[in-house]
Amino acid sequence: MPQIHLTPAQRKDYRAEAHHLDPVVMIGADGLTPSVRKEVDAALKAHGLIKVRVFSDDRAARETMLQTLADELDAAPIQHIGKLLVLWRPQPEKARPVDEERKPGPREVKVLKFAKRGGVKPEIKVVKVLGNQRLTPGGQIKRAKTFKKSVKKSAGG
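Note that the structure is predicted; figures quoted are calculated from it, not measured.

Caption draft 1: Representation of helix 3 (residues 59-72) in the model. For helix 3, with 14 residues, the first-to-last C-alpha span of 20 Å sits near the 20 Å given by 1.5 Å per residue. Restricting attention to buried positions, one finds in helix 3 the residues Arg 62, Met 65, Leu 66, Leu 69 and Ala 70. Relative to the axis of helix 3, the buried residues are bounded by an arc of 125° and lie together on one face. Taken together, the buried residues of helix 3 touch strand 1 (23-27), helix 2 (34-47), strand 2 (49-54), strand 3 (76-81) and strand 4 (84-88). Two or three places before Ala 60, at the opening of helix 3, Asp 58 has a side-chain oxygen 3.4 Å from that residue's backbone nitrogen.

In structure tokens, the structure reads:
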């Protein structure tokens, strides 16, 4: 039996999601070779929900392939329709490496614009400031000054 058990409603949702997918792995005349298992495992890690095309006319062999793949790869068999097999496995969380040298991205800053007349509420404007920009005391965005290139270096000597 596969490790993952799904309710009929969950299976129906995954079938609907898989409808527009193209087969990612194709199983030829050699059947379930170790390299085919490895490719199916890699596709499940990358996509979670995949279709596998089997070029075999034996329905019972395709059914056993579906169960074998589900058992060995800890996946849930979703559907077997014709020569297509649909498998699902939850994708593992991807750990993002922390880059110490990375600079901050765009940030949103609230700017208050006071009216010249008294008794009027100040206007609040949200401005996106990019990494190469700065905010002036007046609430305007200024770009960083560009450095002039050397005339000698650009002449190409």
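Caption draft 2: Expanded view of the nonpolar core. Grouped together as the largest cluster of nonpolar side chains are 18 residues, with contacts concentrated most on Ile 27, Val 40, Leu 44, Ile 50, Val 52, Leu 69 and Leu 87. Mapped onto this core, the elements with two or more residues apiece are strand 1, helix 2, strand 2, helix 3 and strand 4. Here Ile 27 is in contact with Leu 32, Val 36, Val 52, Arg 53, Val 54, Phe 55, Met 65 and Leu 69, once residues within four sequence places are set aside. Within the second largest apolar cluster, nine residues are counted, among which are Ala 18, Leu 49, Ala 76 and Val 86.

Caption draft 3: Quick peek at the side chain of Gln 133. In this structure, Gln 133 sits in strand 7 (residues 133-135). One polar contact links the side chain of Gln 133 to the main-chain amide nitrogen of Leu 130, over a distance of 3.1 Å. In contact with Gln 133, not counting residues within four places along its chain, are Lys 128, Ile 141, Lys 142, Arg 143 and Ala 144.

Criteria and cut-off values
Residues numbered from 1 in each chain as written. Predicted model: local features only at pLDDT ≥ 70, side-chain atom pairs only at ≥ 80, totals over all residues. Heavy atoms only, no water. Helix = DSSP H or I, 4+ residues; strand = E, 2+ residues; numbered from the N terminus. Expected span 1.5 Å × (residues − 1). Buried < 20%, exposed > 50% of the residue type's maximum accessible area, 1.4 Å probe, protein only. Arc of directions from axis to C-beta. Contact = heavy atoms within 4.5 Å. Polar contact = N/O pair within 3.5 Å; in protein donor to acceptor, adjacent residues only side chain to side chain. Core = buried A, V, L, I, M, F, W, Y, C linked by side-chain atoms within 4.5 Å.

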